[in-house]
Amino acid sequence: MRDTPLSNCERDFILKAIEEKRRLDGRQTYDYRNIKISFGTDYGCCFVDLGKTRVMAQVSCELITPKENRPNDGIMFFNIELSPMASPAFETGRTGRGGGAFYVFCSLT
């Protein structure tokens, strides 16, 4: 995800935090955030709250009769949108490297 390597200061900060078993938000190593999973009003919609972080996922599918000359073959299409609010590395309306890699992985399996 990150295109540039960590600076020495960033690396030292992370290593010190690990050594002290401390997270940025002050939690200890095995402290956890409350989790809440709820389903939206639309079929296939789900919300997950993890502490102050909220994620929404939407899935859908459509069954289509395969072509007559390839009755055992089908197509799976994945559209992955990652919000720039999650990371500046994500661009609005673009799948990006992560989504492309997921699509290729699923195509090969």
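What counts, and at which threshold
- All residue numbers refer to positions counted from 1 along the written sequence of the respective chain.
- Since the coordinates come from a predicted model, pLDDT governs what is reported: local features require at least 70, and pairs of side-chain atoms require 80 or more to be given and counted, while whole-chain, interface and lining totals use all residues.
- Hydrogens and waters are ignored; side-chain quantities use all the structure's heavy atoms.
- For every residue, the accessible area obtained with a 1.4 Å probe (protein chains only) is divided by the maximum for its type, and the residue is called buried under 20%, exposed over 50%, and partly exposed between those limits.
- Under the DSSP-based scheme used, a helix requires at least four consecutive residues in state H or I and a strand at least two consecutive residues in state E, with every element numbered from the N terminus.
- When DSSP locates at least two bridges between a pair of strands, those strands are taken to pair.
- Expected span of a helix: the number of residues minus one, times 1.5 Å.
- Two residues qualify as a contact provided that any one of their heavy atoms is within 4.5 Å of a heavy atom in the partner residue.

Visitor: Is there a simple way to explain the pairing of strand 1 (residues 35-39) in this structure?
Guide: Taken residue by residue, a regular strand's side chains alternate between the two faces of the sheet. Among the 5 residues in strand 1, 0 count as buried, and that is only a small part of the element. When strand 1 meets strand 2 (residues 45-50), the two strands line up antiparallel, connected through 5 bridges. When the sheet's bridge partners are listed, Ser-38 is paired in strand 2 with Phe-47. Where strand 1 hands over to strand 2, the hairpin turn is made up of 5 residues, of which Gly-44 adopts a positive phi near 90°.

Visitor: Would you explain helix 1 (residues 8-19) in this entry?
Guide: Because the α-helix completes a turn every 3.6 residues, residues three or four places apart line up on one side. For helix 1, spanning 12 residues, the distance from its first C-alpha to its last is 16 Å, which sits close to the expected 16 Å at 1.5 Å a residue. Lys-21, located one to two residues past helix 1, shows a positive phi value of around 55°.

Visitor: Would you mind going over the side chain of Arg-27 with me for this structure?
Guide: Its place among the elements puts Arg-27 in the loop between helix 1 and strand 1. The contact partners of Arg-27, leaving out residues within four places of it in the chain, are Lys-21, Arg-22, Tyr-32 and Arg-33.

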